Amino acid sequence: MISQQVRVSLIGLVLAVIGAGGAGVHAQNASAQGDPDPRATPVPAIRTSMGTLPTPGDLPLRVEMPDPLRLNDGTSVTTTAQWKRRREEIKRILEYYAVGQMPPAPGNVKGRDVLSQVVLDGTVSYRLVHLSFGPGAALGLNVGIFTPVGRGPFPAVIMPGGTPPGATPLPTLPHPPGQGHGVDALLPVEPAGASPAPPARPVVVDDAETVAARNRELFRRGYAYVTFANGDCAEDTTLRNPDGSWAFRSTRFYPAYPGYDWGILAGWAWGVSRIVDYLVTDPSIARAQVIVSGVSRTGKSAMVAAAFDERIAMAAPVVTGGGGIGAYRFSGAGRGGKEGLIDMVKKYPNWFSPHLRDFWGQVDRLPFDEHWFLALAAPRPFIALEGTTDQVSLANAVKQSEIGARPVYALFGAADRLGVNYADHGHALTAQDWTAMLDFSDQHLRGMKVDRRFDRFLDDAPIER
């Protein structure tokens, strides 16, 4: 539970910097960018142990990126010991405003081998492991683990990739019409049966040989590959119940934890941590060399997982877009991008904390920005894998988050552990990204010499807003 002292100190900081914007502040307010549709019906609030923090109207206009090295009481962080305290403050703020409050680690994760086989002409071993955990050990998650045959333990990359080979896909909730296509997810939708439902797409589960063949280069370089279906942690649907609550909260992990307002990205990140709970006990995996990655929306959740779970040795999110690595203050309408703050809380409010939508049109009142997630990963290696022609992950927004997180890495003397790599592609994951990820890991986790740099930004132009 957030303490009264923390709440008071945050409000005190708000009052202390209420004039931070000063003359010329150009806050992105609702009148400038449009108000939410009045027909939108709110999602019922979930009472959590965090209590309440200031609303946008109580927060100052802050055009500049909020300082990760300033405590809530205004004190500057100058030592790693102070950073431990600041880290806890940042985590609370991000849970409350950005991703929602997550449950604590259940502490009872157990794995059971379901099947095993050798693939790729005997060079790779595959195991399907079923994890059980949570209250009464009633929750579960299927995980596919591929390891090179030979002497381990091996560094491992956790990557969402659909139902693991040999597992049975779980039933899924439908998606409302317009989900992800610019429609405000809180607007009323046609009642069921008003229009013909689209035919359900068959779920294809690749066999272990096929998955291994796609990741042959990882195994050649001595890495394990760990995959799971993120939809088995939280269903990615904006479907709502008759009372307006999110339908996804009635399935997967959520019914076991009713007192938490975590969104879908947090649900996927929490699932990654349950996989880590198991991997650190697996003798085939190098427990100090676990990497988390993901593409687009699962890249966002990889960023969240690395920020909140210090056992994750490295993060390598790919083309994360809005709500990902790029700063909200430098994203969205007027900046050439498609996923600013308004876009995210309009189309995908189910991904985030319920409090994030309150900042619609008021991005300069956010008490945080996305660079705080990167800062929480310090001093562990973190690389943003981006595409030169991606219209979702804006280069300048990514650049500003990296710049904003650098002082925390510098505090640890680890400035080189925060990197970015641009490959020649759009909103996608390519072989170039895999190469950059593994090169970065070889350099920072395995101590190998790598003849390339990871600090070159695509856009070196002056900051423009």
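Residues numbered from 1 in each chain as written. Predicted model: local features only at pLDDT ≥ 70, side-chain atom pairs only at ≥ 80, totals over all residues. Heavy atoms only, no water.

Focus on the environment of Trp-83
Then comes step 1: Mapping Trp-83 onto the fold places it in helix α3 (residues 80-99).
Then comes step 2: Judged by its relative accessible area of 2%, Trp-83 is buried.
Then comes step 3: C-alpha of Trp-83 to C-alpha of Leu-376: the two residues are 293 residues apart in sequence and 9.6 Å apart in space.
Then comes step 4: Contacts of Trp-83, omitting those with residues within four sequence positions, involve Pro-68, Leu-69, Val-77, Ile-90, Ala-375, Leu-376, Ala-378, Val-408, Leu-411 and Phe-412. (Helix = DSSP H or I, 4+ residues; strand = E, 2+ residues; numbered from the N terminus. Buried < 20%, exposed > 50% of the residue type's maximum accessible area, 1.4 Å probe, protein only. Contact = heavy atoms within 4.5 Å.)

Considerations on the packing of α3 against helix α7 (residues 297-308)
Then comes step 1: Running from N to C, α3 and α7 point in directions that differ by 150 degrees, and their axes come no closer than 11 Å. As the angle between them shows, α3 and α7 are arranged roughly antiparallel. Between α3 and α7 lies a crossing whose hand is left-handed. Packed against α3, whose contacting residues are Arg-87, Lys-91, Leu-94, Glu-95 and Val-99, the element α7 presents Val-304, Ala-307 and Phe-308 at the interface.
Then comes step 2: Partitioned by chemical class, the residues of the contact of α3 with α7 number five nonpolar, no polar and three charged. (Axes fitted to C-alpha atoms, helices over the stretch in contact; angles between N-to-C directions. Parallel < 35°, antiparallel > 145°, perpendicular 65-115°, else oblique. Left-handed = near helix turned anticlockwise from the far one by under 90°. Nonpolar A, V, L, I, M, F, W, Y, C, P; charged D, E, K, R; others polar.)

Section: helix α6 (residues 264-279)
Then comes step 1: When the terminal C-alpha atoms of α6 are compared, their 23 Å separation across 16 residues agrees well with the 22 Å that a helix rising 1.5 Å per residue should span.
Then comes step 2: Of all 16 residues in α6, 16 are buried, a share of seventy percent or more. (Expected span 1.5 Å × (residues − 1).)

As for the environment of Ala-45
Then comes step 1: When you line up the elements, Ala-45 lands in the loop between α2 (30-33) and α3.
Then comes step 2: Ala-45 gets classed as exposed once you look at its relative accessible area, which sits at 81%.

Things to note about the sheet that holds strand β4 (residues 154-160)
Then comes step 1: In space, the nine strands of this open sheet follow the order β1-β2-β3-β5-β4-β6-β7-β8-β9, with mixed pairing throughout. Looking at which strands have only one partner, the edges of the open sheet turn out to be β1 (110-119) and β9 (418-423). Direction aside, neighbouring strands of the sheet carry axes that sit 20 degrees apart on average.
Then comes step 2: Note: β1 against strand β2 (residues 124-133), nine bridges, orientation antiparallel. Bridged to Asp-113 within β2 is Val-129.
Then comes step 3: Helix α10 (residues 395-411) contacts β8 (382-387) and β9 of the sheet and is inclined by roughly 160 degrees relative to β9.
Then comes step 4: Packing against the sheet, helix α11 (residues 431-444) makes contact with β4, β5 (224-228), β6 (285-295), β7 (314-318), β8 and β9, and its axis sits at approximately 165 degrees to β8. (Pairing = 2+ DSSP bridges.)

Description of the packing of α6 against α7
Then comes step 1: Orientation of α6 relative to α7, taken along the N-to-C sense of each, is 60 degrees, at an axis distance of 8 Å. As far as their axial angle goes, α7 and α6 are oblique. In this structure, α6 meets α7 at a crossing whose hand is right-handed. Where α6 abuts α7, its residues Leu-265, Trp-268, Ala-269 and Val-272 lie against Arg-297, Thr-298, Lys-300, Ser-301, Val-304 and Ala-305.
Then comes step 2: Class assignment for the residues of the contact of α6 with α7 results in six nonpolar, two polar and two charged.

Regarding the pairing of β5
The side chains of a regular strand alternate between the sheet's two faces.
Then comes step 1: Across the five residues that make up β5, a large majority, five, are buried.
Then comes step 2: Covered by surrounding structure in β5 are Ala-224, Val-226 and Phe-228 together with Tyr-225 and Thr-227, the residues of both alternating faces.
Then comes step 3: Looking at chain direction, β4 and β5 are connected through five bridges and run parallel. Note on β5: the bridge partner recorded for Met-159 is Thr-227.

What about the packing of aromatic side chains?
The description of an aromatic ring pair rests on the distance of the ring centres and on the angle between the ring planes.
Then comes step 1: Evaluated as defined, the whole model comprises 19 aromatic pairs.
Then comes step 2: Connected via pairs of aromatic rings, a cluster forms that spans Phe-133, Trp-246, Phe-248, Phe-253, Tyr-254, Tyr-257, Tyr-260, Trp-262 and Trp-270.
Then comes step 3: Directly above the ring of Trp-246 sits Arg-240, whose terminal nitrogen or CZ lies 5.6 Å from the centroid.
Then comes step 4: Directly above the aromatic system of Trp-270 lies the positively charged group of Arg-274, at a separation of 4.6 Å from the ring centroid. (Phe/Tyr/Trp six-rings, centres within 6.5 Å; stacked < 30°, edge-to-face > 60°. Lys NZ or Arg CZ within 6 Å of the ring centre and 35° of its normal.)

Looking at the pairing of β2
Then comes step 1: When you tally the buried positions in β2, you get seven out of ten residues, the bulk of the element.
Then comes step 2: In this sheet, strand β3 (residues 139-148) lies alongside β2 in antiparallel orientation, the contact comprising ten bridges. Residue pairing for β3: Tyr-126 is matched across the bridge by Phe-146.
Then comes step 3: Between β2 and the antiparallel strand that follows it, β3, lie five residues; Gly-134 among them carries a positive phi value of about 85 degrees.

Observations regarding the pattern of salt bridges
Then comes step 1: Taken as a whole and assessed by the stated rule, the structure comprises 25 salt bridges.
Then comes step 2: Residue Arg-85 is joined to Glu-89 by a salt bridge in which the shortest nitrogen-to-oxygen separation is 3.9 Å. On the criterion of helical spacing, the pair formed by Arg-85 and Glu-89 is a turn pair, its members being four residues apart in helix α3.
Then comes step 3: Arg-446 is paired through a salt bridge with Asp-442; the nearest N and O atoms lie 3.0 Å apart.
Then comes step 4: The partly exposed category is assigned to Arg-446, whose relative accessible area is 30%.
Then comes step 5: Shared partners join several salt bridges into a network, and the residues in it are Arg-221, Asp-439, Asp-442, Arg-446 and Arg-452. (Salt bridge = Lys/Arg side-chain N within 4 Å of Asp/Glu carboxyl O.)

Section: unusual backbone geometry
Then comes step 1: The peptide bond linking Gly-152 to Pro-153 adopts the cis configuration, its omega dihedral lying at 0 degrees.
Then comes step 2: Here Pro-153 shows up in the loop between β3 and β4.
Then comes step 3: Between Ala-378 and Pro-379 the backbone carries a cis peptide bond, its omega angle lying at 0 degrees.
Then comes step 4: Here Pro-379 shows up in the loop between α9 (371-377) and β8.
Then comes step 5: For Ala-137, which is not glycine, the phi torsion reads 55 degrees and is therefore positive.
Then comes step 6: Residue placement: Ala-137 occurs in the loop between β2 and β3.
Then comes step 7: Accessibility expressed as a relative area gives 38% for Ala-137, which makes it partly exposed.

Details of the side chain of Asp-282
Then comes step 1: The topology assignment puts Asp-282 in the loop between α6 and β6.
Then comes step 2: Owing to a relative accessible area of 6%, Asp-282 belongs among the buried residues under this scheme.
Then comes step 3: A polar contact is formed between the side chain of Asp-282 and the side chain of Ser-284, at a distance of 2.8 Å.
Then comes step 4: Leave out the neighbours within four places in its chain, and Asp-282 touches Arg-127 and Ile-145. (Polar contact = N/O pair within 3.5 Å; in protein donor to acceptor, adjacent residues only side chain to side chain.)

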